[in-house]
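# Examination of the molecular architecture
Here are the chains, one letter per residue:
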Number of protein chains: 2
Amino acid sequence: MTQLTYKDSGVDIDAGNESVRLIKNFVRSTYREEVLGDIGGFGGLFALKDYDEPILVSGTDGVGTKLKIAFMLNKHDTIGQDAVAMCVNDILVQGAEPLFFLDYLAVGKLNPAQVAEIVRGVANACKESGCALIGGETAEMSGFYAEGEYDIAGFAVGVVEKKSLITPARVKVGDILIGLPSSGLHSNGFSLVRKIVFERMGFKGDEKISELDKTIGEELLTPTKLYPKICLPIIKKFGDKIHGLIHVTGGGFYDNIPRALPENFGATIDADTWSVPKIFKLLQSWGNVPRREMFRTFNCGIGMILIVDEEALPDIDAHLNENFEEFYKIGRVVEGSGVEILGGDFSD
Amino acid sequence: MTQLTYKDSGVDIDAGNESVRLIKNFVRSTYREEVLGDIGGFGGLFALKDYDEPILVSGTDGVGTKLKIAFMLNKHDTIGQDAVAMCVNDILVQGAEPLFFLDYLAVGKLNPAQVAEIVRGVANACKESGCALIGGETAEMSGFYAEGEYDIAGFAVGVVEKKSLITPARVKVGDILIGLPSSGLHSNGFSLVRKIVFERMGFKGDEKISELDKTIGEELLTPTKLYPKICLPIIKKFGDKIHGLIHVTGGGFYDNIPRALPENFGATIDADTWSVPKIFKLLQSWGNVPRREMFRTFNCGIGMILIVDEEALPDIDAHLNENFEEFYKIGRVVEGSGVEILGGDFSD
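Here the structure is a predicted model, which means the values were calculated and not measured. (Residues numbered from 1 in each chain as written. Chains lettered and ligands numbered in written order. Predicted model: local features only at pLDDT ≥ 70, side-chain atom pairs only at ≥ 80, totals over all residues. Heavy atoms only, no water.)

### A closer look at the pattern of salt bridges
Evaluated as defined, the whole model comprises 26 salt bridges over all chains. Linking Lys66(A) and Asp82(A) is a salt bridge whose minimum nitrogen-to-oxygen distance equals 2.9 Å. Placement of Lys66(A) in the loop between strand E3 (54-62) and helix H2 (67-73) and of Asp82(A) in helix H3 (residues 79-92) is noted, with a sequence separation of 16 residues between them. The exposure classification of Lys66(A) matches that of Asp82(A), with both residues buried. In this structure, Lys214(B) engages Glu219(B) in a salt bridge whose closest nitrogen and oxygen atoms are separated by 3.6 Å. Since its relative accessible area comes to 10%, Glu219(B) is described here as buried. (Salt bridge = Lys/Arg side-chain N within 4 Å of Asp/Glu carboxyl O. Helix = DSSP H or I, 4+ residues; strand = E, 2+ residues; numbered from the N terminus. Buried < 20%, exposed > 50% of the residue type's maximum accessible area, 1.4 Å probe, protein only.)

Here you go:
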């Protein structure tokens, strides 16, 4: 009877070792001084510095079906940034500095070069966010994902002093909402995007879209913006004048803004205060997507919102200008509940 | 033109909310006093207690293609324990107490009852391990996973005082290896298992195997053992007499034992000191799996190994006996490198 080995079943430990060899240097390049040990330990080790009352803030997220765009274009060096961004942008909103990150990557067939491309993207985004990539799992799951396909999930841990933790309790009626631009669709709503773009419109991934001046694939695969470098200095400089941050992630404006507000507080947004990027207008028009659904599914050009004390507005305004950050005063906190969005006409 | 909504694209936000409603109480039941906030925040919040030099130890893992067995049996309440165990057993080996856990669950179609079954398993295993389930992501990825199928990944963070961190530096030649029984296959080697059991042998999941006195599906789906409750008291009680722990995870004896040893140290194992459970003998015989491959792929009945100071052996022995823990003195640390395994005859 023929002998069966693990490799015969489609799991290639040697390919796994080759992947580790290829990613080692990317991974090490993200290390902060607090990282102990090296790749290959059972757990990732991180020596927490001295805090009075450290609150650990953690988040996990994936990239969703944006992955299908990466498969379609056979381009795998940006999806890692998406995984990192979706997690670090979440923990940032509570005032936490990202400390470390771990990734879970499940592949149909382990292709070391592809894994290295993906993890290089993860590592670069970790560096850009100031956090160390201290662990990860690459699982070869034969018969589970198609060859060349994969899923990725990220896990981020950050820290904030208890007294600096940003909670809804800080928010006051009259606070100003400052919107920071997104880089595009980020990593939400891609099931709808794919239905509109590929099913209804029948586009190919490499089809040039004249209104966008690029291919539809390039537009859709634009990596999610990393906000730590912009927002951490603001949180540090303005302290308790920053009453909240809102990551405009899955659920869009309608679901995410209330997460940062106390009960019985709402917000009004004037969507004419920024220029909704073309891709959102195209999606709305191609899919005849109801206006409310647009703001419930997509960031519509605003990826992160700061809730700030009105008194501090001139100084925050000056700081953002000095640092050449684009921003818009998009709305206010009001009494009552819910989010009201005016303007942002999508039939332009 | 017909309007398209997010729901039309196969993502059902209402089903998502229903899932959250169903799992809320399981999740809350895991909370430790350090958990701040509640479900629905952007990040999970955990107030770290006072440590002198806290080392955070983190790990991520999935369940691999053991998931296919859960799909086959349509039984989803055990796979959560696998995800938790694979992570907490990893961080335990460095002496860390698991503090909190997050899960990533990607489904083809969101079935709230199924999600609740899975997360109930996660929550129960978190409680059993003493860690709080403080975050998670349930992603509906239509067109990615088949209906009823899913992938799960876990992420655990623990803490240990720097002076209590278990590293290979503690290990001495002559140290004794104590093996703690596994509950079965745990969550490794399932691609090979499935090839042997379902392809070569042609078994159905509900086929009764007389040697096992249960169905093959029941045997294969047995959840991975959680070791924190057994090992943390030993680590605490015996301190630096515990020179190492080894989670016998992917890579089996040959790859995992060296991870806990200094360079130029090896180990000899006498596999006749314990009784290799029947499932491993059956797999070896059904698949004609080379003996070395068995110990490289499977735990062969030993899921966790303690490396202990020989002088402390009588006391550790007494402690394990007092607590009715099964254990075996399976080997020793030796000079030289590599792992030598004697006995464990697989042709019985």
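### Brief notes about the interface of chain A and chain B
Listed per partner, the contact involves 82 residues of chain A and 83 residues of chain B. Of the roughly 6,600 Å² buried between chain A and chain B on both sides combined, carbon and sulfur atoms contribute 63%. Among the residues chain A hides against chain B, the three largest losses belong to Leu4(A), Phe42(A) and Leu56(A). Together they make up 14% of the total. On the surface where chain A and chain B come into contact, there are 0 salt bridges. Here chain A and chain B share 25 residue pairs in polar contact (both at pLDDT 80 or more) between them. In terms of residue count, E3(A) provides more of the side of chain A that touches chain B than any other element does, 9 residues in total. Its residues placed into classes, the side of chain A that touches chain B shows 39 nonpolar, 27 polar and 16 charged. Note that E3(A) and strand E2 (residues 44-47) of chain B share 4 bridges and pair antiparallel. Paired with Leu56(A) across the bridge in E2(B) is Phe46(B). (Contact = heavy atoms within 4.5 Å. Buried area = accessible area lost by both parts, 1.4 Å probe. Polar contact = N/O pair within 3.5 Å; in protein donor to acceptor, adjacent residues only side chain to side chain. Nonpolar A, V, L, I, M, F, W, Y, C, P; charged D, E, K, R; others polar. Pairing = 2+ DSSP bridges.)

### As for helix H1 (residues 13-28) of chain B
Working note: α-helix, 3.6 residues per turn, so residues spaced by three or four point in the same direction. For H1(B), with 16 residues, the first-to-last C-alpha span of 22 Å sits near the 22 Å given by 1.5 Å per residue. Bending of H1(B) peaks at approximately 35° at the position of Leu22(B). Taken together, the buried positions of H1(B) are Ile13(B), Ala15(B), Gly16(B), Ser19(B), Ile23(B) and Val27(B). Summarising the contacts, the buried residues of H1(B) are in contact with helix H8 (252-256) and helix H10 (291-297) of chain A together with helix H4 (112-129) and strand E5 (132-140) of chain B. (Expected span 1.5 Å × (residues − 1). Bend = angle between axes of the 7 residues up to and from the residue.)

### With respect to the nonpolar core
Within the largest apolar cluster, 262 residues are counted, with the highest numbers of intra-cluster contacts made by Leu220(A), Leu245(A), Phe253(A), Leu220(B), Leu245(B) and Phe253(B). Other than its neighbours up to four places away in sequence, Leu220(A) contacts Lys66(A), Ile69(A), Leu185(A), Phe190(A), Val193(A), Val197(A), Phe198(A) and Ile279(A). (Core = buried A, V, L, I, M, F, W, Y, C linked by side-chain atoms within 4.5 Å.)

### Side note on the sheet that holds E5(B)
The mixed open sheet is built from 6 strands, whose spatial order is E1(A)-E2(A)-E3(B)-E6(B)-E4(B)-E5(B). Every interior strand has two partners, whereas the edge strands, strand E1 (35-36) of chain A together with E5 of chain B, have only one. The sheet contact formed by strand E3 (residues 54-62) of chain B and strand E6 (residues 150-161) of chain B spans 9 bridges and is antiparallel. Across the sheet, Ile55(B) pairs through a bridge with Val160(B), a residue of E6(B). In the packing of helix H3 (residues 79-92) of chain B onto the sheet, the strands contacted are E3, strand E4 (97-107) and E6 of chain B, and the crossing angle to E6(B) comes to about 30°. (Axes fitted to C-alpha atoms, helices over the stretch in contact; angles between N-to-C directions.)

### Some words on the packing of aromatic side chains
Think of a pair of aromatic rings as described by two things: how far the centres are apart, and how the planes are tilted against each other in angle. Under the criterion given, the structure shown has 18 aromatic pairs over all chains. Their ring planes at 35° and their centres at 6.0 Å tell us that Phe71(A) and Phe144(B) sit as a pair that is tilted. In this pair, Phe71(A) sits in helix H2 while Phe144(B) sits in the loop between E5 and E6, so the two residues belong to two different chains. This pair shows no difference in class: Phe71(A) is buried, exactly as Phe144(B) is. Consider the rings of Phe253(A) and Trp274(A), whose centres lie 6.0 Å apart with planes at 5°: the pair is stacked. Within this pair, whereas Phe253(A) is found in helix H8, its partner Trp274(A) is found in the loop between strand E11 (265-270) and helix H9 (278-287), the two being separated by 21 residues in sequence. In this structure Phe253(A) comes out as buried when scored by relative accessible area, which is 0%. By the ring-pair criterion, three or more aromatic residues cluster together here, those being Phe71(A), Phe144(A), Tyr145(A), Tyr150(A), Phe71(B), Phe144(B), Tyr145(B) and Tyr150(B). (Phe/Tyr/Trp six-rings, centres within 6.5 Å; stacked < 30°, edge-to-face > 60°.)

### Things to note about the pairing of strand E12 (residues 302-308) of chain A
Residues and elements named next belong to chain A. Among the 7 residues of E12, 7 are classified as buried, and the element is accordingly described as predominantly covered. Where strand E7 (residues 176-181) lies against E12, 6 bridges are found, and the strand directions are antiparallel. What sits directly across from Ile 178, in E12, is Leu 306. Bridge count for strand E10 (residues 242-247) against E12 is 5 bridges, and the pairing is antiparallel. Bridged to Ile 242 within E12 is Val 308.

### Remarks on the relation of the copies chain A and chain B
Expressed as a screw operation, the relation of chain A to chain B combines 0.0 Å of axial shift with a rotation of 180°, fitting to an RMSD of 0.0 Å. Between the two chains, the operation in question is that of a two-fold axis. Distance from the rotation axis, computed per C-alpha, reaches its smallest value in chain A at Phe155(A): 3.5 Å. The overlap is high: 100% of the interface residues of chain A also sit at the interface in chain B, so the same surface is used on both sides. (Least-squares fit on C-alpha atoms with pLDDT ≥ 70 in both.)

### Examining the confidence of the model for chain A
For residues with low pLDDT, the predicted coordinates do not support detailed interpretation. Residues at a pLDDT of 70 or more form 99% of chain A, whose mean pLDDT is 95. The complex prediction reports pTM at 0.96, with the ipTM value standing at 0.95. (pLDDT = per-residue confidence, 0-100.)

### Here's the deal with the domain arrangement of chain A
Size of an interface: often given as the accessible area lost when the parts come together. All names here are of chain A. The domain boundaries assigned to chain A delineate domain 1 (7-164) and domain 2 (168-342). On a C-alpha basis, the centroid separation for the pair domain 1 and domain 2 is 25 Å. Looking at the side of domain 1 facing domain 2, the largest losses of area belong to Lys 66, Met 86 and Leu 92, adding up to 24% of the total buried there. Summed over the shared surface of domain 1 and domain 2, the number is 1 salt bridge. When the shortest N-O distance is used, the salt bridge between Glu 128 and Lys 229 registers 4.0 Å. Applying the counting criterion to the domain 1 and domain 2 interface returns 11 residue pairs in polar contact (both at pLDDT 80 or more). If you list the elements that add at least two residues to the side of domain 1 that touches domain 2, you get H2, H3, strand E4 (97-107) and helix H4 (112-129). Per element, the largest residue contribution to the side of domain 1 that touches domain 2 is 10 residues, and it comes from H3. Looking at the side of domain 1 that touches domain 2, its residues break down into 15 nonpolar, 7 polar and 9 charged. (Domains from an automatic or database assignment.)

### Digging into H4(B)
Residues and elements named next belong to chain B. If you check H4, its first and last C-alpha atoms are 25 Å apart, about what 18 residues at 1.5 Å a residue would give, namely 26 Å. Those residues of H4 not exposed but buried are Pro 112, Gln 114, Val 115, Ala 116, Ile 118, Val 119, Gly 121, Val 122, Ala 123, Ala 125, Cys 126 and Ser 129. Turning to H4, the residues buried within the fold contact H1, H3, E4, E5, E6 and helix H7 (228-238). Within two residues after H4, Gly 130 carries a phi angle of roughly 80°, on the positive side.

### Here we look at a negative patch on the surface
The grouping of Asp50(A), Asp52(A), Glu53(A), Asp50(B), Asp52(B) and Glu53(B) at the surface amounts to a negative patch. Here Asp52(A) is to be found in the loop between strand E2 (44-47) and E3. The class for Asp52(A) is exposed, based on a relative accessible area of 65%. (Patch = residues over 30% accessible without salt bridge, like charges linked within 9 Å, V, L, I, M, F, W, Y side chains within 5 Å. Areas by Shrake-Rupley, 256 points an atom, 1.4 Å probe, with all protein chains shown as cover. Lys, Arg positive; Asp, Glu negative; His and termini not counted. Charge placed at Lys NZ, Arg CZ, Asp CG, Glu CD.)

### Considering the side chain of His243(A)
Residue and element names in this part refer to chain A. Within the secondary structure layout, His 243 lies in strand E10. At 3.2 Å, the side chain of His 243 forms a polar contact with the backbone oxygen of Arg 170. Within polar-contact distance, the side chain of His 243 engages the backbone oxygen of Asp 240 at 3.3 Å. Ignoring any residue separated from it by four or fewer positions in sequence, one finds His 243 in contact with Ile 166, Thr 167, Arg 170, Val 171, Lys 172, Asp 175, Ile 307, Val 308 and Asp 309.

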